[in-house]
Amino acid sequence: MAVGLLLSSSLLPHASQAQQPATILAAATPAVVPPPSTPQPPLLVQGLPDFTQLVERVGPSVASVRTTQRVDDSDDEAGDDADAQMREFFRRFFGTPMPGQGQRKNPPKGSGEGQERPRGLGSGFILSADGLVMTNAHVIDGADDVYVTLTDKREFKAKVVGADKRTDVAVLKIDAKNLPAVRIGDVSRLKVGEWVMAIGTPFGLENTVTAGIVSAKARDTGEEVRFIQTDVAVNPGNSGGPLINMRGEVVGINSQILSRSGGFMGISLSIPIDDAVKVADQLRAGGKVVRGRIGVQIEPVTKEVAESLGLGKAQGAVVRMVEPGGPAAKAGLEAGDIITKFNGVAVESAGDLPRLVGATKPGTKSVLQVFRRGAYKDLGITVVELDLEKAAKAAAGDDSPAGSKATAVASLGLGLTDLTSAQKAELKVNGGVLVEEVGGPAARAGLRPGDVILSVGNTLVANVRQFESALAKSEKGRPVNVLVRRGDGAQYVLIRPSK
């Protein structure tokens, strides 16, 4: 400190000398004219939003959803242990009783009705003033009884109007009137970077408010819907709660988190409210969701396949299999076709097609645009109702039997033979060549004995001679794209010749 003070004091002139150095300096130094100021762009973001009014407006519309399950009296001891552990968990970590504790109405032991045990906790929100409540299907899945608790502490036993596992949407009904219903927002107006808020019951903590921004829209995870991705803190118990925009409107249902720990890690996924409302309308009308189907199995179009076929870019859905006797088969769709549009709407990725078809009412006459052997073609098709069990059976396929009389195509490592009339009838094809031997490039590409090659590039082949002719026309040294039939399915395979 002594050194610090000494250095600081040595920089200050004595009071008797303070004016003279300043005067000399002013006289010797020319005036500095500041450069003209450059206009600055306006601030795009100023301050943080105040969510208090949103909470006051929407908070009363959010509910807690708890579920119970009835177990046999013989399970009492195990159930009591589990309850004790859960009560201790809430007491130690939250300082509160376990949600729903003391509210269960268990029948007497030996009554034959079974004991009512807590099963799960979630969130929901009021859709209409007459008691309709929306939540996630997984929140109530497997429950014997469902209870809805409002912010004024009233609890109701709810009736399940309907639940749809594919979209994870469920609708409940409670016996209440004049409830504060939410306002439904317009998802199309939602922007990436926009502030949003969630209210729910994470870990049983009712009416917990968290906020963040929209990280992405239309996030495709292979599910039935494309999610809204946010960084709003969502944890177990938030499921089924609303995602709210700055206008106080519900734009989504908080449904999933991406996590390695089981807790929030910065990525939350919400079901767009417009998709959820469409499902809810069907559940209210008939208790289930009716979807369309056309009877195909599909796979994505890779960049290599698109380039080799002259498609331009990797878009659409490759038809891997056509269900015999299904709508697609009746419309003339073939394995290897690439579906690029459905009813005029572009199929950008393979996941788009099931969503477009599923949202179409069964019995609707539709139009498929397909890319087949270098040209586009429109096919009329009638959508039918989706039967999950039937679709699963149609997806199964068996390996095709191998034939005889091999003919070598040395450059690709293939041994091929013509299909017999009986084999064509069995496979329901008009042409193609049977793969009998595989080695080298063909083996590396994944071909197997018993596969049937239907085309080379965009050229159909009816026999080995046509296969060799089509192969001769392809550019030497370039990968060869072949359409391969295996069992009831078909897919494009790139065979890269040895260098």
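Notes on the structure in this doc start here. (Residues numbered from 1 in each chain as written. Predicted model: local features only at pLDDT ≥ 70, side-chain atom pairs only at ≥ 80, totals over all residues. Heavy atoms only, no water.)

### Observations regarding helix α13 (residues 464-473)
By the burial criterion, the buried members of α13 are V464, F467, A470 and L471. When α13 is viewed along its axis, its buried side chains cluster within an angular range of 125 degrees and face the same direction. Opposite the buried face of α13, at more than 90 degrees from it, the exposed residues are R465, A472 and K473. With a side-chain oxygen lying 3.2 Å from the backbone nitrogen of R465, the N-terminal cap of α13 falls on N463. (Buried < 20%, exposed > 50% of the residue type's maximum accessible area, 1.4 Å probe, protein only. Helix = DSSP H or I, 4+ residues; strand = E, 2+ residues; numbered from the N terminus. Arc of directions from axis to C-beta. Polar contact = N/O pair within 3.5 Å; in protein donor to acceptor, adjacent residues only side chain to side chain.)

### Overview of a nonpolar patch on the surface
A contiguous nonpolar patch, built from L48, W195 and M246 and spanning about 310 Å² of accessible area, is present on the exposed surface. Structurally, W195 is set in strand β8 (residues 195-200). W195 sits in the partly exposed class, given a relative accessible area of 31%. (Patch = residues over 30% accessible without salt bridge, like charges linked within 9 Å, V, L, I, M, F, W, Y side chains within 5 Å. Areas by Shrake-Rupley, 256 points an atom, 1.4 Å probe, with all protein chains shown as cover. Salt bridge = Lys/Arg side-chain N within 4 Å of Asp/Glu carboxyl O.)

### Side note on the side chain of Q315
Here Q315 shows up in the loop between α7 (303-309) and β16 (317-322). By relative accessible area, Q315 is classed as buried at 15%. If we skip the residues at most four places from it in the chain, Q315 touches V301, I338, V347 and E348. (Contact = heavy atoms within 4.5 Å.)

### Quick word on the side chain of N481
Within the secondary structure, N481 sits in strand β27 (residues 480-486). Within polar-contact distance, the side chain of N481 engages the side chain of S308 at 2.6 Å. Setting aside anything within four residues of it in sequence, one finds N481 in contact with V305, S308, L309, S455, V456, G457, Y492, V493 and L494.

### What to know about unusual backbone geometry
Here the phi dihedral of F203 falls at roughly 55 degrees; this positive angle occurs in a residue that is not glycine. Examined against the element boundaries, F203 turns out to sit in the loop between β8 and β9 (208-219). Look at F203 and you get partly exposed, because its relative accessible area is 36%. With a phi close to 55 degrees, A218 is a non-glycine residue in the positive phi region. Assignment of secondary structure puts A218 in strand β9.

### What to know about the sheet that holds strand β3 (residues 132-135)
Within a sheet, neighbouring strands are paired by backbone hydrogen bonds and run either parallel or antiparallel to one another. With antiparallel pairing, the six strands of this closed barrel are ordered in space as β1-β2-β3-β6-β5-β4. The sheet shows a mean angle of 40 degrees between the axes of neighbouring strands, taken without regard to direction. The pairing of strand β4 (residues 145-149) with strand β5 (residues 155-164) spans four bridges and is classified as antiparallel. Note on β5: the bridge partner recorded for V148 is F156. Across the sheet, helix α6 (residues 273-286) lies against β2 (115-126), β3, β5 and β6 (169-173), angled at about 55 degrees from β6, the strand it touches most. (Pairing = 2+ DSSP bridges. Axes fitted to C-alpha atoms, helices over the stretch in contact; angles between N-to-C directions.)

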